[in-house]
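Notes for the structure review
One letter stands for each residue in the lines below.
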Amino acid sequence: MIDHSDRPDDNADTRTIADYIYQELHRDIVSGVLIPGTKLRMGKFSRHYGVGISPLREALVKLTGDALVRTEGQRGFWVSPISAGELEDTTEIRVLIETEAVVRSIRLGDHAWEERVREAHVTLREFTERLAESDDERALAAWEHANRRFHDALCSACGSPWLMRVRHMLDRHAERYRAIVLPNRRMDPDTHDENDALAEAVLGRKALRAGHLVRLHVQRTANCVREAMRTGEPDKAAVSAV
């Protein structure tokens, strides 16, 4: 039974409810709860999420803009499929976007940006230590959240809202592939060293080295997902969460 305790009450406006259901569907698609190719039947999902048809449709239209949902004329909505081809395409573009955002941040970032990076890196190291002591699902989820905040901080001074918006969308797609293809993934110890090296390069304003590390980091994760898709053996892969 899905928990609707945080759902806006019936007196909330349609847009507020649509925002709520958008977040719920976004999370369930990215996490793999909703399987790629699933038909999103309006009546069924209206009851499941406890919202009306109108805000549900508005949320689904918004998700098509994120490329997480597909629609075909009047035939309805489906969860977007995954494929090796899309993985290759999104990885290539993600490398370009992530690298550009980090390099721009190194050039434009001020003291406040450096402090954000340092704080996020310290927090990430703390959760890394906790993960070493307990690798249960909650510890891994907390580490991934800290890791996401760290990489967000690295890019946060790029000066381009559009660059950040596209980066965010690509990041969620990468997270979706990891969650679906590698549901029982282990944390790769090399990830910790890579994040330390990346923080050092960024704070040292070494743009070429930072860009190189970003490319390696993103590509290595994609390689793990690609190999698992090829062999059909997801449980044996160890990946980073970038």
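Residues numbered from 1 in each chain as written. Predicted model: local features only at pLDDT ≥ 70, side-chain atom pairs only at ≥ 80, totals over all residues. Heavy atoms only, no water.

1. A word on the overall build of the protein chain
Per the secondary structure count, the protein chain includes 9 helices and 4 strands. Relative to its full complement of 242 residues, the protein chain shows a buried share of 46%. Relative to all contacts within the protein chain whose residues are 6 or more apart in sequence, the contacts with residues 24 or more apart total 73%. Counting only carbon and sulfur atoms, one obtains 52% of the accessible surface of the protein chain, whose full area is about 12,900 Å². (Helix = DSSP H or I, 4+ residues; strand = E, 2+ residues; numbered from the N terminus. Buried < 20%, exposed > 50% of the residue type's maximum accessible area, 1.4 Å probe, protein only. Contact = heavy atoms within 4.5 Å. Areas by Shrake-Rupley, 256 points an atom, 1.4 Å probe, with all protein chains shown as cover.)

2. Focus: helix H5 (residues 111-133)
Taking 1.5 Å of rise per residue, 23 residues should cover 33 Å, and H5 covers 34 Å from first to last C-alpha, within 8% of that figure. All buried positions along H5 are accounted for by Trp 113, Glu 114, Val 117, Ala 120, His 121, Thr 123, Leu 124, Phe 127, Thr 128 and Leu 131. Of the residues that open H5, the one with a side-chain oxygen 3.2 Å from the backbone nitrogen of Ala 112 is Asp 110. (Expected span 1.5 Å × (residues − 1). Polar contact = N/O pair within 3.5 Å; in protein donor to acceptor, adjacent residues only side chain to side chain.)

3. Focus: unusual backbone geometry
Even without a glycine there, the phi angle at Ala 67 is positive, about 65 degrees. Structurally, Ala 67 is set in the loop between helix H3 (53-65) and strand E1 (69-71). A positive phi angle, near 60 degrees, is found at Arg 205, a position not held by glycine. Here Arg 205 is to be found in the loop between helix H8 (190-203) and helix H9 (207-231).

4. Quick notes on empty space enclosed by the protein
Following the criterion strictly, the structure yields 3 cavities of 30 Å³ or more and no others. Counted as a void, the largest cavity has a volume near 120 Å³. Lining of the largest cavity is provided by Leu 87, Thr 90, Thr 91, Arg 94, Leu 170, Ala 174, Tyr 177, Arg 178, Val 218, Thr 221, Ala 222 and Val 225. Contributing elements (two or more residues each) for the lining of the largest cavity: helix H4 (84-108), helix H7 (161-181) and H9. Broken down by class, the residue content of the lining of the largest cavity amounts to 7 nonpolar, 3 polar and 2 charged. (1 Å grid on protein atoms, 1.4 Å probe; cavity = no way out; pocket = protein on both sides within 12 Å on 5 of 7 lines; lining within 4 Å. Points joined across faces, edges and corners; volume = space filled by probe spheres on them. Nonpolar A, V, L, I, M, F, W, Y, C, P; charged D, E, K, R; others polar.)

5. Comments concerning the state of the cysteines
This model, assessed by the stated rule, comprises 0 disulfides. The thiol of Cys 158 is unpaired, and the distance to the nearest cysteine sulfur, on Cys 155, comes to 6.8 Å. (Disulfide = S-S within 2.5 Å.)

6. Let's talk about the layout of surface pockets
Quantified by volume, the second largest pocket comes out at close to 350 Å³. In terms of lining residues, the second largest pocket is bounded by 16 residues, among which Tyr 22, His 26, Asp 66, His 168 and Arg 172 are the most central. Mapped by element, the contributors of at least two residues to the lining of the second largest pocket are helix H1 (14-30) and H7. Of all the elements, H7 adds the most residues to the lining of the second largest pocket, at 8 residues. Taken together, the residues of the lining of the second largest pocket sort by class into 6 nonpolar, 4 polar and 6 charged.

7. Digging into the packing of H4 against H7
At a minimum axis separation of 9 Å, H4 and H7 run at an interaxial angle of 135 degrees. Between H4 and H7, the interaxial angle falls into the category oblique. Viewed along their axes, H4 and H7 form a crossing whose handedness is left-handed. Listed contacts from H7 to Glu 86, Leu 87, Thr 90, Ile 93, Arg 94, Ile 97, Glu 98, Glu 100, Ala 101 and Arg 104 of H4 are Leu 163, Val 166, Arg 167, Leu 170, Asp 171, Ala 174 and Tyr 177. Residues belonging to the contact of H4 with H7 are distributed by class as follows: 9 nonpolar, 1 polar and 7 charged. (Axes fitted to C-alpha atoms, helices over the stretch in contact; angles between N-to-C directions. Parallel < 35°, antiparallel > 145°, perpendicular 65-115°, else oblique. Left-handed = near helix turned anticlockwise from the far one by under 90°.)

In short, shape yes, function no, at least from these values alone.
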